[in-house]
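Structure assessment
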Amino acid sequence: MRRSAAALVCCTAAATVFVEELWLSSRRQLRPEDESISKKKAGSQGVAGGPCYPGKTECPFSTSCEWDRDTADGEEFRERICVHKDLVPANGHDWATIFLLIAATALAAGGGIGGGGLLVPIYRLVAGFPITQATALSLATISGGSIANLYTYTRRYHPNESLKRPLIDYEASLLFCPALLAGTMFGSVFSVMFPPWLTVVLLVALLGYSGKRTLNKGIKRWKGEDKQSPRPTLDEAGLQDVEIDTPLGHADAPPIARQEPTDDQVARLQAIYAKEGSLIQKENWTATGVIWLIVFVFALLRGGKGGASLIPGLDCSQFLYWYLFISNLAVLIAATAWIRKKTLDRATEKTFLGHEPLEGDLQWDRRTTALYPMLCVFAGIAAGLLGIGGGMVLGPLLVELGCLPQPIAATSAYVVFITATSGLAQVWIMGLVPKDYAFAFAACGLFSTFLGQSVIDWVVRRYKKDAIVILVIASIMLIALVLMTYDGIMQVVHATTYGFSPLC
């Protein structure tokens, strides 16, 4: 088993190096006419990643005017841009960035939501990186933290000891993840078209509203005011359908039988409990790997995150681009439908055998298995459009659905691991990651996530209040609201147009 895993890691690394070398070989060589074009295009005040010319342009802190090394073959010209410095020697901005990222990821670890809404503004405003590199470094930091989260949460059981099962809700994470990623695809398209001022307005509306609701939920739970009404027992329930109160309305649960279950039914139910209660979830992990691979392959073929496609010359004006877009979407929808069917079949069987959902469990029926993924599509659109990351929308959604705080953090962290590591592999191959900063920030993310988990665990045990997890999620959203709004306003100030932009 260990040898197979090691071989898989080695093969993946070798493939990544090969594709990266293939990508680097496509970069265009310098030509004489590039000098005059670069001088003509440069202004007096440069921005990180923007055009510049020595003696004419003043680049911002931590950057210098150099030739763009990432210009691909086939582009009209190669230009000088304000390129960020290497990590060594570190300056004051680097040390301030490291301090802030440790604080941000330690705080985010308590809610399991990654913290991209905090990291991207920090890397832009404090470290001076352009948006593409800030996003890439955010993925590197979150990936480092997600490894710590994965190590911790896959070894823990659910806090409700009446039914032994993993802390991570694999059913919810696998059902939500493809829908969330499908929404992110649309959100990324809208982010190219929407003007900066509209993005800022939507950002304030979404983070302000959801952050306020999540904060109120956390305060109510801290005060003990959010206890759910108990479900009827087998003796109290008839053969009719039972209405279950949920935060989004009423859901019809499958009929609950009055008679006692037979010995055979009890044995079958216990067998299901034993399978679901194991920390070794090979079937769920395999499904996770398949989803990761699908996202990774299609992302490389289509391009994105500031990088071009691996297919030479492919852009959004071509039929092949949209064929890949629709194919990716179709695969994600098919995956959601398949996971929905398995989830619904499993829930129906368990209910027939006498299973009763516990406090904080998601109620799976025909309505909820369709409604909740659709909500994730809209959450993904918001994440892709506003650049706030999947965890920052999934965490509050699970709070709204009535889940318990600790499983919320674990389930969100599991989804963040899928999205962050896939995105990091993509931008790494495309050459968008400053490798020295990426390794340093990923290591900081790994360390600070363990630190944040330890602190939150101590607080929960000390005060016996798991509501601290929800309060942490709300705090992150409100801090991100301030940082991203300020960063967005700066983009609006420096914008050259205030209307909608063409997609291609």
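We now turn to the structure provided with this report. (Residues numbered from 1 in each chain as written. Predicted model: local features only at pLDDT ≥ 70, side-chain atom pairs only at ≥ 80, totals over all residues. Heavy atoms only, no water.)

Some words on the overall build of the protein
The number of helices and strands found in the protein is 15 helices and four strands. Put simply, of all contacts in the protein between residues at least 6 apart along the chain, 73% involve residues at least 24 apart. Accessible area for the protein stands at about 24600 Å²; split by element, carbon and sulfur atoms hold 64% of it. (Helix = DSSP H or I, 4+ residues; strand = E, 2+ residues; numbered from the N terminus. Contact = heavy atoms within 4.5 Å. Areas by Shrake-Rupley, 256 points an atom, 1.4 Å probe, with all protein chains shown as cover.)

Let's talk about the state of the cysteines
With the rule as written, the count across this model stands at one disulfide. Disulfide pairing is shown between Cys-59 and Cys-82; the S-S distance is 2.2 Å. Its S-S torsion of about -80° marks the bond between Cys-59 and Cys-82 as left-handed, since a negative value means left-handed. In this pair, Cys-59 sits in the loop between helix H2 (33-41) and strand S1 (63-67) while Cys-82 sits in strand S2 (residues 80-84), placing the two residues 23 residues apart along the sequence. Residue Cys-59 shares its accessibility class with Cys-82, and that shared class is buried. (Disulfide = S-S within 2.5 Å. Buried < 20%, exposed > 50% of the residue type's maximum accessible area, 1.4 Å probe, protein only.)

Thoughts on empty space enclosed by the protein
Taken as a whole and judged by the stated rule, the model has one cavity of 30 Å³ or more. What lines the largest cavity is simply Thr-105, Ala-108, Ala-109, Gly-112, Ile-113, Gly-114, Ile-142, Gly-145, Ser-146, Asn-149, Val-416 and Thr-449. Every element with two or more residues in the lining of the largest cavity is listed here: helix H3 (92-111) and helix H5 (131-153). Top contributing element to the lining of the largest cavity by residue count: H5, with four residues. When grouped by side-chain class, the residues that make up the lining of the largest cavity number five nonpolar, seven polar and no charged. (1 Å grid on protein atoms, 1.4 Å probe; cavity = no way out; pocket = protein on both sides within 12 Å on 5 of 7 lines; lining within 4 Å. Points joined across faces, edges and corners; volume = space filled by probe spheres on them. Nonpolar A, V, L, I, M, F, W, Y, C, P; charged D, E, K, R; others polar.)

Digging into the nonpolar core
One broad rule of soluble globular proteins: the nonpolar side chains tend to lie buried together. Counting 92 residues, the largest nonpolar core has Tyr-123, Phe-176 and Ile-388 as its most contacted members. Ignoring any residue separated from it by four or fewer positions in sequence, one finds Phe-176 in contact with Leu-362, Trp-364, Tyr-372, Pro-373, Cys-376, Leu-394, Leu-398 and Leu-401. If you look at the next biggest cluster of nonpolar residues, it comprises five residues, including Leu-163, Ile-272, Tyr-273 and Leu-353. (Core = buried A, V, L, I, M, F, W, Y, C linked by side-chain atoms within 4.5 Å.)

Quick look at a nonpolar patch on the surface
There is a patch of nonpolar side chains on the surface, built from Ile-147, Tyr-151, Leu-446 and Phe-450 and spanning about 360 Å² of accessible area. Contributing elements (two or more residues each) for the nonpolar patch: H5 and helix H14 (435-463). Taking the relative accessible area as the measure of exposure, Tyr-151 reaches 47% and is therefore partly exposed. (Patch = residues over 30% accessible without salt bridge, like charges linked within 9 Å, V, L, I, M, F, W, Y side chains within 5 Å. Salt bridge = Lys/Arg side-chain N within 4 Å of Asp/Glu carboxyl O.)

A look at helix H9 (residues 282-302)
With 21 residues, H9 should reach 30 Å at 1.5 Å per residue; the first-to-last C-alpha distance of 30 Å fits that figure. Among all positions of H9, only Asn-284, Ala-287, Thr-288, Ile-291, Val-295, Phe-296, Phe-298, Ala-299, Leu-300 and Arg-302 are buried. Looking at the buried residues of H9, the elements they touch are helix H6 (170-193), helix H10 (319-352) and helix H13 (405-429). (Expected span 1.5 Å × (residues − 1).)

Considering the pattern of salt bridges
Throughout the structure, instances matching the rule amount to 10 salt bridges. The residue Arg-268 makes a salt bridge to Glu-349 at a minimum N-O spacing of 3.6 Å. Remark: Glu-349 occurs in helix H10 and Arg-268 occurs in helix H8 (residues 263-277); sequence separation between them is 81 residues. Given the relative accessible area of 35%, Arg-268 is considered partly exposed.

Examining the packing of aromatic side chains
Tallying each qualifying case throughout the model produces 13 aromatic pairs. Centroid distance Trp-428 to Phe-439: 5.5 Å. Interplanar angle 75°. Geometry classified as edge-to-face. Of the two residues, Trp-428 is situated in helix H13 and Phe-439 in helix H14; the sequence distance between them amounts to 11 residues. Grouping aromatic residues by their ring pairs yields a cluster made of Tyr-123, Phe-129, Tyr-437 and Phe-441. Over the face of the ring belonging to Trp-428 we find Lys-435, whose NZ or CZ atom lies 5.2 Å from the ring centre. (Phe/Tyr/Trp six-rings, centres within 6.5 Å; stacked < 30°, edge-to-face > 60°. Lys NZ or Arg CZ within 6 Å of the ring centre and 35° of its normal.)

Points about the environment of Tyr-437
Turning to its location among the elements, Tyr-437 is positioned in helix H14. The class for Tyr-437 is buried, based on a relative accessible area of 0%. Separated by 343 residues in sequence, Tyr-437 and Asp-94 have C-alpha atoms that sit 9.4 Å apart. Among all residues touching Tyr-437, those that are not within four sequence positions of it are His-84, Lys-85, Asp-86, Leu-87, Asp-94, Phe-129 and Leu-137. In this structure the side chain of Tyr-437 is engaged in a polar contact, spanning 2.9 Å, whose partner is the side chain of Asp-94. (Polar contact = N/O pair within 3.5 Å; in protein donor to acceptor, adjacent residues only side chain to side chain.)

Geometric descriptors of this kind do not, in isolation, establish any biological role.
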